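Residues per chain are reported as follows:
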Amino acid sequence: MGKVLVLNQDYSALSVCTIPKAFLLVYMNKAEMLAESPEHFLRTVSEQFPAPIVIRLNHYINLPYRGVVMTRHNIFKRDGNRCQYCGTHDHLTLDHVIPKSRGGKTTWDNLTTACKRCNSRKGDHTPEEVSMPLRQRPFRPSFLMFIRDFSGLADSEWLPYLGSKERIPSIR
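Everything quoted here is computed from the prediction, not taken from an experiment.

Caption draft 1: Looking closely at the overall build of the chain. Broken down by element type, the chain carries five helices and six strands. If you list the helices and strands of the chain from N to C, you get β-β-α-β-β-α-β-β-α-α-α. In the chain, 58% of the contacts between residues at least 6 apart in sequence involve partners at least 24 apart. Counting every atom, the chain has about 10200 Å² of accessible surface; 53% of that belongs to carbon and sulfur.

Caption draft 2: View of the packing of aromatic side chains. According to the stated counting rule, one finds two aromatic pairs in the structure shown. With centroids separated by 5.1 Å and ring planes inclined at 55 degrees, the aromatic side chains of Phe23 and Phe49 adopt a geometry described as tilted. Linking Phe23 in helix H1 (residues 19-27) with Phe49 in strand E4 (residues 48-57), this pair joins segments that are 26 residues apart in sequence. Note on Phe23: relative accessible area 18%, which makes it buried. A residue is classified by how much of its surface remains accessible, and Phe49, at 22% relative accessible area, is partly exposed.

Caption draft 3: The arrangement of the side chain of Asn74 in detail. Relative to the helices and strands, Asn74 is located in helix H2 (residues 72-78). With residues near it in sequence (within four places) discarded, Asn74 still touches Val68, Val69, Trp108 and Phe146.

Caption draft 4: Representation of the nonpolar core in the model. Grouped together as the largest cluster of nonpolar side chains are 12 residues: Val4, Val6, Leu14, Cys17, Ile19, Ala22, Leu25, Val26, Ala31, Ala51, Ile55 and Leu57. Put simply, the parts of the chain that give this core at least two residues each are strand E1 (3-7), strand E2 (13-18), H1 and E4. With four residues, the single largest contributor to this core is H1. Excluding residues within four positions of it along the chain, Leu57 makes contact with Val6, Leu7, Asn8, Gln9, Leu14, Leu25, Lys30 and Ala31.

Caption draft 5: Spatial organisation of unusual backbone geometry. Positive phi, close to 75 degrees, is recorded for Tyr11, a residue that is not glycine. Take Tyr11: it is sitting in the loop between E1 and E2. With a phi close to 50 degrees, His91 is a non-glycine residue in the positive phi region. Here His91 shows up in the loop between H2 and strand E5 (92-96).

Caption draft 6: Local environment of the side chain of Thr126. Relative to the assigned elements, Thr126 resides in the loop between helix H3 (116-122) and helix H4 (143-150). Thr126 gets classed as buried once you look at its relative accessible area, which sits at 15%. If we ignore the near neighbours within four places in the chain, the residues touching Thr126 are Val97, Pro99 and Arg102.

Caption draft 7: Molecular detail of the environment of Ser15. With respect to the secondary-structure elements, Ser15 resides in strand E2. In this structure the C-alpha to C-alpha distance between Ser15 and Val4, which are 11 residues apart in sequence, comes to 8.5 Å.

Calculation rules
- Residues numbered from 1 in each chain as written.
- Predicted model: local features only at pLDDT ≥ 70, side-chain atom pairs only at ≥ 80, totals over all residues.
- Heavy atoms only, no water.
- Helix = DSSP H or I, 4+ residues; strand = E, 2+ residues; numbered from the N terminus.
- Contact = heavy atoms within 4.5 Å.
- Areas by Shrake-Rupley, 256 points an atom, 1.4 Å probe, with all protein chains shown as cover.
- Phe/Tyr/Trp six-rings, centres within 6.5 Å; stacked < 30°, edge-to-face > 60°.
- Buried < 20%, exposed > 50% of the residue type's maximum accessible area, 1.4 Å probe, protein only.
- Core = buried A, V, L, I, M, F, W, Y, C linked by side-chain atoms within 4.5 Å.

In structure tokens, the structure reads:
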């Protein structure tokens with residue numbers, strides 16, 4: 001318990017917030033509670049209220065495109081904290097699939113998680129040149145996909161509001 005999925009008026013995922021913030025939005029009639037926790041409650045001296053899990057705002061909030069910020073931490077999350085060459089969880093670094101020295105960019109589609117050993121072994125080559133196939137092709141996750149699949153925040157109650165799980169591009 002601890003996080004609440006916030007939906008826009010059109011039921012599209014907007015953000016994640018704390019339970020007290022979500023409760024305040026519901027209490028002030030700025031949002032409606034769509035799902036509540038059956039075992040967790042917010043208590044006052046004289047009353048008990050169900051803890052929200054999913055809320056929907058009463059007024060539409062127009063936000064520009066929201067993407068996932070490309071950080072080392074988020075790339076590790078996307079790749080399941082595993083080396084994309086050998087599968088280990090130890091001594092992880094970032095690797096440019098197409099090396100920077102060969103014009104490779106620092107983008108979601110060219111960065112992958114690699115252990116120090118594999119990163120060193122691959123060196124200044126492409127995976128094909130050194131026969132080190134990637135377990136999954138690097139990709140830019142959408143905001144919804146990131147909340148649902150990689151953030152570690154998603155509650156099972158959120159799934160009907162986040163859509164079906166998309167298949168992650170795989171090479172093997």
